[in-house]
Amino acid sequence: MTSSNVALTTHKSHAKMKRNVEVIAPEKEDGSTEYKRQVYQPKAMRLRSLATQMSYRLDEGSGVCTYQVGVEDNGCHSLLDYESVAESARILECIARSLNA
């Protein structure tokens, strides 16, 4: 990766620091790619919403979709730990199985 592909910015807001590391282009509303920062202990209603969203992405990709886990909608790395990303991926895999994807 070249240095032009990485942007590190720091924002101060009420004594809170937020780091953004740009890793890919911002998410598009259409298409077969979805960015997910984290999927954490979703309730039944949230699972239905995520399944609907995944179904849309599958339709957009003619049966194939890609999830970028640990990435914000703006394309920045969410700086989550491995366990959080792995748990999110596990939940998304369960949703895909429920859709027979």
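To start, this report covers the structure provided alongside it. (Residues numbered from 1 in each chain as written. Predicted model: local features only at pLDDT ≥ 70, side-chain atom pairs only at ≥ 80, totals over all residues. Heavy atoms only, no water.)

1. A closer look at the environment of Arg 57
Short version of the rule: Each helix is a run of H or I in the DSSP string that is no shorter than four residues. Each strand is a run of E no shorter than two, and both are numbered from the N terminus. For every residue, the accessible area (1.4 Å probe, protein chains only) is compared with the maximum for its type, and the residue is labelled buried under 20%, exposed over 50%, or partly exposed between those bounds. Working rule for contacts: check all heavy atoms of both residues, and any pair within 4.5 Å makes them a contact. Any pair of N or O atoms that falls within 3.5 Å is considered a polar contact. Within protein, one atom must be able to donate a hydrogen and the other to accept it, and sequence-neighbouring residues count only if both atoms are side-chain atoms.
Take Arg 57: it is sitting in helix α1 (residues 44-60). Exposure remark for Arg 57: the relative accessible area of 4% places this residue in the buried category. Separated by 24 residues in sequence, Arg 57 and Thr 33 have C-alpha atoms that sit 6.6 Å apart. Apart from the residues lying within four places of it in its own chain, the contact partners of Arg 57 are Glu 27, Lys 28, Glu 29, Asp 30, Gly 31, Ser 32, Thr 33, Glu 34, Val 64, Cys 65 and Tyr 67. A distance of 2.8 Å separates polar atoms of two side chains, one belonging to Arg 57 and the other to Glu 34.

2. As for α1
The periodicity of an α-helix, 3.6 residues per turn, causes residues three or four positions apart to be oriented the same way. Here is the rule we go by: Multiply 1.5 Å by the residue count of a helix minus one, and that product is the helix's expected span. For this quantity, the arc is that covered by the directions from the helix axis to the C-beta atoms.
Under the 1.5 Å per step criterion, the end-to-end length of α1 is 24 Å for 17 residues, consistent within 8% with the ideal 24 Å. Residues of α1 that are buried: Leu 50, Ala 51, Met 54, Arg 57 and Leu 58. The buried residues of α1 occupy an angular sector of 125° when the element is viewed end-on, so they sit on one face. Exposed side of α1, more than 90 degrees from the buried face: Met 45, Arg 48, Thr 52 and Asp 59 are the residues found there. Against the buried residues of α1 lie β3 (33-36), β4 (66-69) and α2 (82-98). Of the residues trailing α1, Ser 62 is marked for its positive phi of about 50°.

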